Every structure is written in structure tokens, then in C-alpha cells.
Amino acid sequence: MSIEKTVSRPVSNWAKGDGPESDIVISSRIRLARNISGYAFPHTMSNQAADEILNAVRLAVDNDEVRQEFGPLEFVRLEELSPVERQILLEKHLISPQLLEDIKNRAVILSEDESLSIMINEEDHLRIQLFLPGLQLEEAWQKANRVDDLLEKTLDYAFCEQRGYLTACPTNVGTGLRASVMLHLPALVIAGQINNIITAISQLGLAVRGYYGEGTKAVGHLFQISNQITLGQAEEEIIRNLLTVARQIINQERSARAALYKNNKSQLEDKIFRSLGILSYSRMITTEEALTMLSDVRLGIALGILDNLTQRDINELMMLIRPAFLQKMAAREMTAQERDTERARIIRLRMEKLKK
Ligand SMILES: Nc1ncnc2c1ncn2[C@@H]1O[C@H](COP(=O)(O)OP(=O)(O)OP(=O)(O)O)[C@@H](O)[C@H]1O
């Protein structure tokens, strides 16, 4: 496989809209923060140390057991990629915004199916990420745990009996685990219930984040919910708690959808068809507006109001229209206005094809 393939595909398979509860849950993610003993954390380490970490991790994944279970992995230094290619990896959620803050001596290791991504020298030496479609937190944990065990055969992790895994930020000490689900919650937003739910979730020690994680806002009614506590709870318990809350939110979203359909069917249909109209006919559209309209259409599909489109089509479009991917397809840099025009054109074409 080549990184060229990864940056030429707009959507990873895990983000296409399959998996359990896929009408609401886009994806599940497990990430483990790990550091190598005897080295300073990335924000204070020397260039030479950063380079040694890159090589150590590269060697650790280069073995038959890893290949057998996860297929061929590719190691890519961020400096080897163009700015647009780096941005595409971010748009696909394969790397975090933080990894791009300083690209020197930073790298990512990717599996061919893009379900495994290991960021090197981000906030911690290693950030192991495992993505699966739909609600599959336990399955993602098992796979991430397996990667961790395989790497631990060669890497000497910074670990202390009392505190667990040591991490650059104290909020990750212990398990170093963040489990999260990406949820599509349009009905809770339309019904004005989302703020109460966010407050309730925060009181349970969970975080609600935007589409690109910490410090980013929710677009297209997509919300990321994750654990905040990493210390004093076993991994399985953290995951069980998040699963319980995720299931409750899924039920609430389903009830809100059913209530909207029952009590406000005309308004709901009007909203969904207006959004479809904008997507079908606009000549310029920003990412944010497009995502909001696509979210309405996705809701229409889930409720059976629109039946010639699929969730998969919408999930794909949601990724295809991102700024970096548009520029990659056009093979040139574009101004914001050019991107808005091109985005509208691509959506129109897709809509025509899909509505046939
Ligand atoms: N369930 C998910 N599905 C898809 N992408 C996700 C999911 N959860 C998180 N991400 C993506 O992972 C990246 C990092 O998110 P976030 O900042 O929440 O992660 P983190 O690794 O826990 O970071 P930190 O420890 O710095 O808070 C973002 O691009 C985010 O969109």
C-alpha cells in the first residue's frame, strides 16, 4: 500500500456508515497514550531523542505477528507529505490537529484498511488509535489492546505500578485510554434537548467534543463523546460506562426522531426537502452549510422520508467535500471561494446521480 492511496480515498471504510447502530453511531475509537521509558516527553525532548523514538517505533511494528494481524503497515514522516496531504489525513481523522502543530520529527503509522493509526511524537511518544464502524467499542478495545501488547514486546513503556502508564498530561495517566463514539444527533438538536444532554453527560465524567476532537466545534450535528477519567478505573469499566451512556443517548435520539416525525411531520419534511433543494441547486456552499444540510438529509433517510438515497452516500459526501480533499481532486491550490463553488458543483452532480 502507499500513502498516495490513503490520501486519494476520501473516506476510510470505517467511516462509511456500516456497523451496529449505524443510523446514529458513525464510528467508535480507542486511543492509547504511551511513552518510552528513559526519554523526555515530546514537548521537551531533543531532536535526536525524537528521531530515536521514531526509529524504535518503526522497528517495533516491523514484525510478522503485527503484519499477520493488522496487514502491512506504512510508516510516514509528516515532513514527507505535502500540506494538502497532511490535511487530508486530518480530515479523515487518521491524525489529530495537535500532530500538525509542529511536523518536525513526527510520523504516523497506518494500516492498509486505515483502522489502525499510530501517531508518533504527538503529545505522547505514541498515540495508538483504533477505529471501527458503528458502535463497537469493546471490539475496538480488543484490537487496540492487541497492538499495544505486540509493541510492548519490543518497546520499554514508561509504567509505574502505582500510577499505571505515565503520560505527558496528567489527565491521561493510568490507562492512557480514551474511548469515544461519534454520534449523529440531529433530532436532539432540532428538539432543543442537546444542551441538557451535554450537561448531564459532563456530570457523569464524560466529555462531549466537536467533530475534530478537543477544542473543535460540532458540525453537521456530529458529536464525539468520550471518557475523561483515565486513572483508577480498569479499561473494561471505562468502556462499559461509555457504552451504557452511548446507548442511552442513542435511545433518546431515536425517541426525539419518532416524536418529531409524529408531532411535526410537515415541518420536518419541509426542513429536509429544503436542505435537499439547497444541496441540489446551490452554486456556492461552505463546508459548514453543506454539512448541516447533509445532516438533515441523513435524518430524512433514517426516517424513511427520503428513500432513493442511502446513509452511506451521505457519509461519503460529508468527507468528499472537505477543503483539502477538494484541492487534492483538483490537483491545485484553491481560494475559499473557488472551493465553495467546486463543493457545490460536486454535491449537485452527486445529488443528480443519487436521485435517479
Ligand atoms: N469516535 C470517533 N470517530 C472518528 N474520529 C474520532 C472519534 N473520536 C475521536 N476522533 C478523532 O480523533 C482526533 C483526536 O480527538 P481528541 O482530541 O478527542 O482525542 P485525544 O486523542 O483523546 O486527545 P487529547 O488527549 O489531546 O484530548 C480528532 O480528529 C477526532 O475527530
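Residues numbered from 1 in each chain as written. Predicted model: local features only at pLDDT ≥ 70, side-chain atom pairs only at ≥ 80, totals over all residues. Heavy atoms only, no water.

- An unreviewed UniProt entry lists the chain under the name Protein-arginine kinase, with Thermincola potens given as the organism.
- Per its UniProt entry, the chain bears the Catalytic activity (unreviewed entry) comment "L-arginyl-[protein] + ATP = N(omega)-phospho-L-arginyl-[protein] + ADP + H(+)". (UniProt positions renumbered as here; feature names shortened; annotations may be inferred.)

**Regarding the overall build of the chain**
Then step 1. Secondary structure summary: the chain contains 13 helices and 10 strands in total.
Then step 2. Since a compact globule built from 356 residues should have a radius of gyration of about 21 Å, the 21 Å found for the chain is in line with a globular shape.
Then step 3. Structurally, the chain occupies a C-alpha span of about 65 × 45 × 35 Å along its principal axes.
Then step 4. Partitioning the intrachain contacts of the chain with sequence separation of at least 6 by distance along the chain shows that 71% fall at a separation of at least 24.
Then step 5. Working note: accessible area of the chain is about 15,500 Å², and carbon and sulfur atoms make up 48% of it.
Then step 6. The chain carries 43 positive and 48 negative side-chain charges, and their two centres are separated by 6 Å. (Helix = DSSP H or I, 4+ residues; strand = E, 2+ residues; numbered from the N terminus. Rg over C-alpha atoms; globule rule 2.2 N^0.38 Å. Contact = heavy atoms within 4.5 Å. Areas by Shrake-Rupley, 256 points an atom, 1.4 Å probe, with all protein chains shown as cover. Lys, Arg positive; Asp, Glu negative; His and termini not counted. Charge placed at Lys NZ, Arg CZ, Asp CG, Glu CD.)

**Quick notes on the site of the ligand**
Then step 1. The ligand sits among 22 residues. The nearest are Ser27, Arg31, Arg178, Ser180 and Arg209.
Then step 2. Arg209 is positioned such that a nitrogen or oxygen atom in its side chain is 2.6 Å from an oxygen atom of the ligand.
Then step 3. Relative to its unbound accessible area of 630 Å², the ligand is 98% covered by the protein chains.
Then step 4. Looking at the shell around the ligand, the elements that each hand over two or more residues are strand E1 (25–34), strand E5 (126–133) and strand E8 (177–184).
Then step 5. Looking at the shell around the ligand, its residues break down into 7 nonpolar, 8 polar and 7 charged. (Near = heavy atom within 4 Å. Polar contact = N/O pair within 3.5 Å; in protein donor to acceptor, adjacent residues only side chain to side chain. Nonpolar A, V, L, I, M, F, W, Y, C, P; charged D, E, K, R; others polar.)

**Considering the nonpolar core**
Then step 1. Judged by nonpolar contacts, the single largest core of 110 residues is most densely connected at Ile30, Leu89, Ile118, Leu126, Ile128, Leu151 and Ile249.
Then step 2. No other element matches helix H8 (residues 235–263), which puts 10 residues into this core.
Then step 3. Each of domain 1 (3–256) and domain 2 (264–355) accounts for three or more of the residues forming this core.
Then step 4. Residues in contact with Leu151, not counting those within four places in the same chain, are Ala60, Val61, Ile118, Leu126, Ile128 and Tyr157. (Core = buried A, V, L, I, M, F, W, Y, C linked by side-chain atoms within 4.5 Å. Buried < 20%, exposed > 50% of the residue type's maximum accessible area, 1.4 Å probe, protein only. Domains from an automatic or database assignment.)

**Thoughts on the packing of aromatic side chains**
Then step 1. Inspection of every chain in the model, using the stated rule, returns 3 aromatic pairs.
Then step 2. Relative to Tyr165, the ring of Tyr157 lies with its centre 5.9 Å away and its plane at 80°, an arrangement referred to as edge-to-face.
Then step 3. An aromatic cluster of three or more residues is present, and its members are Tyr157, Phe159 and Tyr165.
Then step 4. One cation-aromatic arrangement involves Arg34 over Tyr157; the distance from NZ or CZ to the ring centre is 5.8 Å.
Then step 5. Over the aromatic face of Tyr165 sits the side chain of Arg34, whose NZ or CZ is 3.5 Å from the ring centroid. (Phe/Tyr/Trp six-rings, centres within 6.5 Å; stacked < 30°, edge-to-face > 60°. Lys NZ or Arg CZ within 6 Å of the ring centre and 35° of its normal.)

**Some remarks on helix H2 (residues 47–61)**
Then step 1. Under the 1.5 Å per step criterion, the end-to-end length of H2 is 22 Å for 15 residues, consistent within 8% with the ideal 21 Å.
Then step 2. Elements in contact with the buried residues of H2: helix H3 (64–70), strand E2 (73–77), strand E3 (107–111), strand E4 (116–120), E5 and helix H5 (137–152). (Expected span 1.5 Å × (residues − 1).)

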